[in-house]
Amino acid sequence: MIRYVLALALAVRALAGVPEDLQRIAIGQKMIVILPDGREHWGRLSRAGPVDFDLNDDASKRRITFRYDEVRKVLKGYGGHTLNGGRSHVGRARVIAIAVVGALVALAFFAATSLK
C-alpha cells in the first residue's frame, strides 16, 4: 500500500513538473523530450495544450504528440555535441567542462609542487 501511494505521489509530482517546464519554452524553440524509459526526442515545440503538446522531431521529420503523463522531463535547448557526433544536454556539458577544468588545475598544481 505504501509503495502504491509513493508511486502515485511521484507520478503526480512528475506530471505537475512537465507543464511547468514547458511554460519556459516558446513555440518554435528547440527542446529535448525525455521519456520514462530514457529515450530522447530532439526537436521544436509546435503546440502546447492542456493535456498534451506537439514536437516537430528532428530525426524523423514528423510531428509527435506527447501526453504530459508520458513524459519524464523536458529540457530547453539542445546542448552541445559529443566527440562521437551525438548531442549532450546543456547541464551535462557544463558538468563535464567543470570536471575537465578541475582536473587540469589539479594536474598543474601537482606538477608545480613536484618540481620544487
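Definitions and cut-offs
Residues numbered from 1 in each chain as written. Predicted model: local features only at pLDDT ≥ 70, side-chain atom pairs only at ≥ 80, totals over all residues. Heavy atoms only, no water. Salt bridge = Lys/Arg side-chain N within 4 Å of Asp/Glu carboxyl O. Buried < 20%, exposed > 50% of the residue type's maximum accessible area, 1.4 Å probe, protein only. Pairing = 2+ DSSP bridges. Helix = DSSP H or I, 4+ residues; strand = E, 2+ residues; numbered from the N terminus. Axes fitted to C-alpha atoms, helices over the stretch in contact; angles between N-to-C directions.

Student: Looking at this structure, I do not really get the pattern of salt bridges. What am I missing?
Tutor: When the charged atoms of two side chains lie near each other, side chains of opposite charge can form a pair. Under the criterion given, the structure shown has 5 salt bridges. Across the salt bridge formed by D52 and R47, the nearest N and O atoms sit 2.8 Å from each other. You can call D52 buried: its relative accessible area is 18%. Given the relative accessible area of 31%, R47 is considered partly exposed. Ionic pairing is found between R67 and D69, a salt bridge with its closest N-O pair at 3.1 Å. D69 sits in the partly exposed class, given a relative accessible area of 49%.

Student: Help me understand the sheet that holds strand β3 (residues 52–57) in this model?
Tutor: The pairing of strands in a sheet comes from backbone hydrogen bonds and takes either a parallel or an antiparallel form. Strand order in the open sheet made by the 5 strands is β4-β3-β2-β1-β5, with antiparallel pairing throughout. A strand with exactly one partner marks an edge of an open sheet, and here the two such strands are β4 (63–67) and β5 (73–76). Ignoring strand direction, the axes of neighbouring strands in this sheet form an average angle of 45°. The sheet contact formed by β3 and β4 spans 5 bridges and is antiparallel. Bridge assignment links D52 to a residue of β4, and that residue is R67.

These values are about where atoms sit, not about what they do.
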